[in-house]
Amino acid sequence: MTSELKRLWQGLAMNNKCQWLLFMLFMLPVCTYGHSSSEAYLSLQIKANQASGAWEFSLRDLEYVVGVDANGDGKITWNDIKQRETAIQQYILSGVHIIQREQACSVTPGETMLNNRQDTVFLHLPIRVVCADSIEQLTLQYQLFFSQDIRHHAIWTIASSSGSVNRISSANNRWLQVDLMEPTSYLGFKEFVSQGIWHIWIGLDHILFLILLMLAVENSLKHLQRREHNRQRWLRVIKTVTAFTLAHSVTLALATTGWFMLPTSWVESAIALSVILAGFNVLFKWVNERLWLFAFGFGLIHGFGFASVLLDLGLQKSNLLLNLLAFNLGVELGQLVIVVLAIPVIAGLGKMNSSGIFIRHTATAGVIMLASVWFVQRIAM
Amino acid sequence: MKTVVLIVLMISLTSIVSAKVYRPDDHTQVLIEIEHSVRLQELKVLRQQLKQQANNQALLSNIIAQYIKLGREHADERYFSYAESLLKPYLQQAHLAASIKVQWADILQRQHQFTEAMVILNQVLQSEPSQTQARLMRSVIYQIKGEYKLAMADCKALLGRVDLLLSTTCIAQIDGLQGNLERSIPLLQQTIERYTNNDSETLQWSRTVLAEMFLRAGKISQASDQLDEVLTHANDYYALALKADILLQQARYDEVMALLHHHRKVSKLLLRYVIASNRSGKNQSIDSDTLSAVIERARLFSTGAHKRLLARYDLDVKNNPQLAIITARDNWQRQREPEDALLLVRCLTAANDRTGLQSFRKTFQQQGLRDKRIEAIMAGPGDE
């Protein structure tokens, strides 16, 4: 052992002065952090060639870098902030630059205020930005805190008439380009819509259940006059699909908001069972008039299945309703496409008499067999 | 997909806080207190000195050590970030002292950047095999990764080079993880008894390790006694979390709240506090809101260091085991400590995910980890 290490270890055993090594060891398997990472929040609302907003910085971060505690007593008061206000503002303005088409915009701070965020206090600085041209392509240059705190982040919210954008500045990403002509404010919403569509399209069990419902609707038309078929077909399809939609929307909402959940394996098994029963319903015509009730009952189960997908996307509390709505909308759109494509085919088969019945029954039997395999697999999970 | 989630989180993060700006009526009202402001002032002076003596590696090491100590004491990751920022310009230097490289590895592993930390430690040990600090740190990273044979080799290499209590704790811990609790618990107990007059933090650490070994052996009351002993000497956050978990398991929610009331600034302790307050029906929305904000921030910025926290939140606060499984599984890929295994198995059981449980059982057996709590959950129905 080197003499330096000997000294270190002796220090450890004899007193508490040289403890970093011990702390290092002590903390290794342990990661205990406070709510203490460093962030700043900057907002800009853009109108023509001007912008207004507010920039917020943790007093704790400002104290470390600029020094807010004017009297050095370890306690930061409003008096301290007022005394150091000029230095603070100079620091902020020296490290944040707004550039519009290679021309720097002027940034004028307003009156300093405070804002409580989580469990600490932030300095709130109203900001007014004026650029030479109408603001369309912004470059945001953010350099604050990084030289002292490499893991600091600044979260930007930029709003304009075409929507709002969120961006993050970090030590490795100090320059941000924002093209306001390409709004991305609803990207999250759009993405959740497309996830909803995608999920129903790749979910063979949902598609088969829907198609079997359509076949059952076709069966229910048999006792009607042929000339009534078209009108009644669409009416009954709308009624059945609406019941299915309402039901799965209810359980989707219940599950994603955490009100009521069922184990995934139960839900998946029940979905497979719903396909089997819907298949038998096509073959044996158990339910004809109250098909909407059948669709509603099993729609409740399918909703839990959709919920597991939505939850996998990392749904958050504050955006929950919007994302839920978007995802559900996507599911409905996807469903609508399936129904619109399936109905003419099913109606065509209905007109073919015996060969049509043979095709329908053979296909339905195949689906029942497939769903039975799923059911056995899922129940054994 | 990650981009979408990131955008959703960013919007959430910016909207979760109320924008009630104000100017205080009382200009002398204390807005925030800077803990250890004197120490920070001293460090500021030292940083100024370092600017003038840029090649003074001893001074650099001293400042880094103090930041790490502050971060550890206050469970405040900003101090590690300050240390990291200070180190950054030195990292390309050809003749950087091994002890500073070890400090760099230490900061990285605190962010759960184990691979990067390991590269540095291997380099250090290749050129200086007797670098005890590096060996100690490497043994624990091996342990976190579930590579017990390699961890044990490093622990054994420490024998005779460091304090007996330290090396024994290292060896007993790894031995116990491999299912030899019957011999490793008495070994550590006997060693601790020889040091009972010593009030050092090493002893408290050894007691905490012993408490964990008791927990894995299913001896809850002995574990609790060891933790009580640790907590009479210091408010160690790790010991507090372990003690709170024992009390939560025993549905002693009021005691959890009393134990953690003054430590809610630490995320993992706030999490346990909120679990206890929810279960006892005494939930304070301010604590839940703070925790919710912490979680959203962790989801957005975490490099992996908060996965355990996130999974536990989804499981025990949101009662959403399906969602918790995703994070718990990701966490289990990164680190393989008993607590990580316990969390994943609890999530899988709560979600009734039999396929997941089967696959976990295989990995668990391959790793050779032994833990009565986990085995009990896997053996029968029910979780915590």
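Model, not experiment: these values are computed from the prediction. (Residues numbered from 1 in each chain as written. Chains lettered and ligands numbered in written order. Predicted model: local features only at pLDDT ≥ 70, side-chain atom pairs only at ≥ 80, totals over all residues. Heavy atoms only, no water.)

Novice: How should the confidence of the model for chain B be read in this particular structure?
Specialist: Do not read the predicted coordinates in detail wherever pLDDT is low. All names here are of chain B. Here chain B averages 88 in pLDDT, and 93% of its residues register 70 or above. Taken element by element, the predicted model of chain B shows its lowest mean pLDDT in helix H1 (residues 2–15) (46) and its highest in helix H14 (residues 253–260) (96). Here residues 1–19 scores under 50 on pLDDT; set against residues more than four positions off or in separate chains, the count is 46 contacts. Scoring the predicted complex yields pTM 0.66 and, for the interface, ipTM 0.76. (pLDDT = per-residue confidence, 0-100. Helix = DSSP H or I, 4+ residues; strand = E, 2+ residues; numbered from the N terminus. Contact = heavy atoms within 4.5 Å.)

Novice: Help me out: how do you make sense of the pattern of salt bridges in this one?
Specialist: All names here are of chain B. Summed over all chains, the structure comprises 34 salt bridges over all chains. Put simply, aspartate 245 and arginine 272 hold a salt bridge, and the shortest N to O gap is 2.9 Å. Linking aspartate 245 in helix H13 (residues 237–249) with arginine 272 in helix H15 (residues 267–280), this pair joins segments that are 27 residues apart in sequence. For aspartate 245, a relative accessible area of 14% gives the class buried. When the shortest N-O distance is used, the salt bridge between arginine 334 and aspartate 330 registers 3.5 Å. One end of the pair is arginine 334 and the other is aspartate 330, both in helix H18 (residues 321–334) and 4 residues apart, which spans about a single turn. Connected through salt bridges with shared partners, the residues Asp245, Arg272, Arg279, Arg312, Asp316 and Arg346 form a single ionic network. (Salt bridge = Lys/Arg side-chain N within 4 Å of Asp/Glu carboxyl O. Buried < 20%, exposed > 50% of the residue type's maximum accessible area, 1.4 Å probe, protein only.)

Novice: Which parts of the structure should I look at to understand the packing of aromatic side chains?
Specialist: Aromatic rings considered in pairs are described by the distance between their centres and by the relative angle of their planes. Residues and elements named next belong to chain A. In this structure the tally under the stated criterion is 20 aromatic pairs over all chains. With a centroid separation of 5.7 Å and 70° between ring planes, the pair formed by tyrosine 91 and phenylalanine 145 is classed as edge-to-face. With a gap of 54 residues between them, tyrosine 91 in helix H4 (residues 78–95) and phenylalanine 145 in the loop between strand S9 (137–142) and strand S10 (153–160) connect regions that are remote in the sequence. Across the pair, exposure class does not vary: tyrosine 91 and phenylalanine 145 are buried alike. Ring geometry for phenylalanine 209 and phenylalanine 244: centres 5.4 Å apart, planes at 40°, overall tilted. A residue pair is termed long-range when its members are at least 10 positions apart, and phenylalanine 209 in helix H6 (residues 204–220) and phenylalanine 244 in helix H7 (residues 229–256) qualify at 35 residues. Given the relative accessible area of 0%, phenylalanine 244 is considered buried. What links up through ring pairs into an aromatic cluster is the set Trp55, Tyr142, Phe146 and Trp156. (Phe/Tyr/Trp six-rings, centres within 6.5 Å; stacked < 30°, edge-to-face > 60°.)

Novice: What should I look at first to understand the nonpolar core in this one?
Specialist: The nonpolar side chains of a soluble globular protein tend to be buried with one another. Trp55, Phe57, Ile92, Ile98, Tyr142 and Trp156 of chain A together with Phe360 of chain B are the most contacted members of the largest nonpolar core, which totals 172 residues. Ranked by residues supplied to this core, first place goes to H13 of chain B with 10 residues. Core analysis: the second largest hydrophobic core is formed by 43 residues, Ala295, Phe304, Phe306 and Ile346 of chain A among them. (Core = buried A, V, L, I, M, F, W, Y, C linked by side-chain atoms within 4.5 Å.)

Novice: Before we go on, may I ask you to explain helix H5 (residues 98–110) of chain B in this structure?
Specialist: In an α-helix, one turn spans 3.6 residues, which is why side chains three or four residues apart end up on the same side. All names here are of chain B. When the terminal C-alpha atoms of H5 are compared, their 18 Å separation across 13 residues agrees well with the 18 Å that a helix rising 1.5 Å per residue should span. Of all the 13 residues making up H5, 12 are buried; the element is thus mostly covered by neighbouring parts of the structure. When H5 is considered as a whole, its buried residues turn out to be Ala98, Ser99, Ile100, Val102, Gln103, Trp104, Ala105, Asp106, Ile107, Leu108, Gln109 and Arg110. Looking one or two residues past H5, histidine 112 carries a phi angle of roughly 65°, positive in sign. (Expected span 1.5 Å × (residues − 1).)

Novice: Please clarify how H6 of chain A should be interpreted in this entry.
Specialist: A rise of 1.5 Å per residue sets the reference length of H6 of chain A, with its 17 residues, at 24 Å; its end C-alpha atoms lie 24 Å apart and thus fit the reference within 8%. Judged by how many residues are buried, H6 of chain A sits mostly within the fold: 15 of 17 residues are covered.

Novice: What is the right way to read the packing of H18 of chain B against helix H19 (residues 338–350) of chain B from this model?
Specialist: When two helices pack together, their arrangement is given by the angle between the helix axes and the distance between those axes. Residues and elements named next belong to chain B. Between H18 and H19, whose axes approach to 9 Å, the crossing angle comes to 150°. One finds that H18 runs roughly antiparallel with respect to H19. Of the two possible hands of crossing, H18 and H19 adopt the one that is left-handed. Mapping the contact onto sequence places Pro321, Ala324, Ile325, Ala328, Arg329, Asn331 and Trp332 in H18 and Asp340, Ala341, Leu343, Leu344, Cys347, Leu348 and Ala350 in H19. (Axes fitted to C-alpha atoms, helices over the stretch in contact; angles between N-to-C directions. Parallel < 35°, antiparallel > 145°, perpendicular 65-115°, else oblique. Left-handed = near helix turned anticlockwise from the far one by under 90°.)

Novice: Can you help me understand the confidence of the model for chain A in this one?
Specialist: All names here are of chain A. When pLDDT is averaged along chain A, the result is 80; 82% of the residues meet or exceed 70. Across residues 1–35, confidence stays below pLDDT 50; counting only partners more than four residues off in sequence or on other chains, it has 94 contacts. Predicted confidence is poor over residues 183–187, with pLDDT under 50, and the contacts of this stretch with residues over four places away or in other chains come to 8 contacts.

Novice: Teacher, can you tell me more about the pairing of strand S12 (residues 175–179) of chain A here?
Specialist: Residues in a regular strand point their side chains to alternate faces of the sheet. Residue and element names in this part refer to chain A. Only one face of S12 is buried, namely the one carrying Leu176 and Val178, since none of Trp175, Gln177 and Asp179 on the opposite face is buried. The sheet contact formed by S9 and S12 spans 5 bridges and is antiparallel. The partner of leucine 140 across the bridge, within S12, is leucine 176. (Pairing = 2+ DSSP bridges.)

Novice: Quick question: what am I supposed to make of the pairing of strand S8 (residues 120–130) of chain A here?
Specialist: Residue and element names in this part refer to chain A. Bridge analysis of strand S2 (residues 50–58) against S8 gives 9 bridges, and the strand direction is antiparallel. Each residue of the ladder has a partner; that of serine 52, found in S8, is arginine 128. Where strand S7 (residues 113–117) lies against S8, 5 bridges are found, and the strand directions are antiparallel. Paired with arginine 117 across the two strands is threonine 120, which belongs to S8.

Novice: What exactly am I supposed to notice about the environment of glutamate 289 of chain A here?
Specialist: All names here are of chain A. Looking at where glutamate 289 falls in the secondary structure, it is placed in the loop between helix H8 (264–284) and helix H9 (291–312). For glutamate 289, a relative accessible area of 49% translates into the label partly exposed. When the C-alpha atoms of glutamate 289 and valine 217 are compared, they prove to be 8.8 Å apart, with 72 residues separating the residues in sequence.

Novice: Looking at this structure, how should I read the sheet that holds S12 of chain A?
Specialist: Sheets are built from strands that pair by backbone hydrogen bonding, the pairs being arranged parallel or antiparallel. All names here are of chain A. What the 4 strands build is an open sheet, ordered S5-S4-S9-S12; its pairing is antiparallel. Here the strands that pair on one side only, and so sit at the sheet edges, are strand S5 (103–104) and S12. Of the strands in this sheet, strand S4 (96–100) and S9 touch H4, which is tilted by about 40° from S4.

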